[in-house]
Amino acid sequence: SQTIHQWPATLVQPVGSPLSLECTVEGTSNPNLYWYRQAAGRGLQLLFYSVGIGQISSEVPQNLSASRPQDRQFILSSKKLLLSDSGFYLCAWSVRWGQAGNQPQHFGDGTRLSIL
Amino acid sequence: SQQGEEDPQALSIQEGENATMNCSYKTSINNLQWYRQNSGRGLVHLILIRSNEREKHSGRLRVTLDTSKKSSSLLITASRAADTASYFCATPITRSNQFYFGTGTSLTVIP
């Protein structure tokens with residue numbers, strides 16, 4: 001069966017510090033991968049998605065970046081965090097395009113990021 | 001945009017009652033999905049209904065889709081305290097690999 005792992009679960013970082021959040025998927029190949037941010041009591045904002053290794057699409061201009069060094073690994077990074085980067089970050093996967101719109105997304109348990 | 005917006009934003013009911021949440025969207029879709037999110041956790045897929053379906057059941061869940069009104073509803077029957085969570089509808093964005101998630105309905109089931 002497929003599983004998705006995100007870490008860390010919680011993170012407290014000072015303003016201006018770097019960030020690296022990691023997400024890995026097991027049990028499937030060639031998934032679409034997604035990073036979302038969720039503000040408190042709000043919906044999900046799509047940040048990045050990837051359809052393959054090294055292929056990253058950005059939805060929101062910001063000081064965050066994403067990379068996909070391996071097929072089932074997705075990393076969210078920042079060189080200098082801002083206060084506004086606080087939030088709940090969720091990674092998700094779905095089957096590759098061709099059927100992606102007709103398939104569910106599968107989410108990790110998220111990382112709670114607090115910027116001080 | 002193909003926004004899916006849930007209504008109401010918050011709902012509080014007694015255990016055993018039914019809970020109904022609604023979702024409206026703006027453009028044509030080929031399917032609509034409902035997700036559940038427990039506090040502090042990731043989203044869990046509940047059910048997918050295709051545009052050619054009007055109603056779908058899964059256990060205590062019943063989902064309807066009215067493409068003429070661009071709306072969907074999620075009914076949870078005989079609610080339990082464990083159903084307390086936020087519920088989101090999601091619509092795929094045409095010709096992309098993306099989904100749009102609404103802002104969710106926060107359901108509280110009082111024991």
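Note: the structure precedes this text.
Described in the following lines is the structure provided in the data block.

Each value, and the rule that gives it
- Residues numbered from 1 in each chain as written.
- Chains lettered and ligands numbered in written order.
- Predicted model: local features only at pLDDT ≥ 70, side-chain atom pairs only at ≥ 80, totals over all residues.
- Heavy atoms only, no water.
- Phe/Tyr/Trp six-rings, centres within 6.5 Å; stacked < 30°, edge-to-face > 60°.
- Helix = DSSP H or I, 4+ residues; strand = E, 2+ residues; numbered from the N terminus.
- Buried < 20%, exposed > 50% of the residue type's maximum accessible area, 1.4 Å probe, protein only.
- Contact = heavy atoms within 4.5 Å.
- Buried area = accessible area lost by both parts, 1.4 Å probe.
- Salt bridge = Lys/Arg side-chain N within 4 Å of Asp/Glu carboxyl O.
- Polar contact = N/O pair within 3.5 Å; in protein donor to acceptor, adjacent residues only side chain to side chain.
- Disulfide = S-S within 2.5 Å.
- Pairing = 2+ DSSP bridges.
- Axes fitted to C-alpha atoms, helices over the stretch in contact; angles between N-to-C directions.

**Quick word on the packing of aromatic side chains**
Counting across every chain of the model gives 8 aromatic pairs over all chains. Note on Tyr 34 of chain A and Tyr 36 of chain A: the rings are 6.1 Å apart at their centroids and 20 degrees apart in plane angle, and the pair reads as stacked. Judged by centre distance (5.7 Å) and plane angle (40 degrees), the rings of Tyr 36 of chain A and Phe 107 of chain A are tilted. Remark: Phe 107 of chain A occurs in strand S10 (residues 106-107) and Tyr 36 of chain A occurs in strand S4 (residues 32-38); sequence separation between them is 71 residues. For Tyr 36 of chain A, a relative accessible area of 1% gives the class buried. Among the residues examined, Phe 107 of chain A registers a relative accessible area of 10% and is labelled buried. Each residue in the set Tyr 34, Tyr 36, Tyr 49 and Phe 107 of chain A together with Tyr 35 and Phe 101 of chain B is aromatic and connected to the rest through ring pairs, giving one cluster.

**Quick word on the interface of chain B and chain A**
At the interface, 22 residues of chain B touch 24 residues of chain A. Of the roughly 1,800 Å² buried between chain B and chain A on both sides combined, carbon and sulfur atoms contribute 51%. On the chain B side of the contact with chain A, Asn 97, Gln 98 and Phe 99 of chain B bury the most area, a combined 32% of that side's loss. With a shortest N-O distance of 3.0 Å, Asp 109 of chain A and Arg 41 of chain B are connected by a salt bridge. Counting across the interface, chain B meets chain A through 4 residue pairs in polar contact (both at pLDDT 80 or more). Those elements that place two or more of their residues in the side of chain B that touches chain A are strand S4 (31-37), strand S5 (43-50), strand S9 (85-92) and strand S10 (99-101) of chain B.

**Considering the state of the cysteines**
Joining two cysteines, a disulfide is a covalent bond between their sulfur atoms. If you walk through the whole model with that rule in mind, you get 2 disulfides over all chains. The side chain of Cys 23 of chain A participates in a disulfide bridge whose partner is Cys 91 of chain A; the two sulfur atoms lie 2.0 Å from each other. Across the S-S bond linking Cys 23 of chain A and Cys 91 of chain A, the dihedral sits near -75 degrees, which makes this disulfide left-handed. Remark: Cys 91 of chain A occurs in strand S9 (residues 87-94) and Cys 23 of chain A occurs in strand S3 (residues 19-26); sequence separation between them is 68 residues. In terms of burial, Cys 23 of chain A and Cys 91 of chain A fall into one category: buried. There is a disulfide in this structure between Cys 23 of chain B and Cys 89 of chain B, and the S-S distance comes to 2.0 Å. For the disulfide bridge between Cys 23 of chain B and Cys 89 of chain B, the dihedral angle about the S-S bond is near 70 degrees, and by the sign convention the bridge is right-handed. Separated by 66 residues along the polypeptide, Cys 23 of chain B in strand S3 (residues 19-24) and Cys 89 of chain B in strand S9 bring together distant segments of the chain.

**With respect to the sheet that holds strand S1 (residues 3-7) of chain A**
Residues and elements named next belong to chain A. The strand order S1-S3-S8-S7 describes an open sheet built from 4 strands, whose pairing is antiparallel. The two strands at the open ends of the sheet, each matched to only one other strand, are S1 and strand S7 (64-70). Within this sheet the neighbouring strands show an average axis-to-axis angle of 15 degrees, counted without direction. Taken together, the 5 bridges between S1 and S3 define a ladder with antiparallel strand orientation. Across the sheet, the residue bridging to Thr 3 is Glu 26, located in S3.

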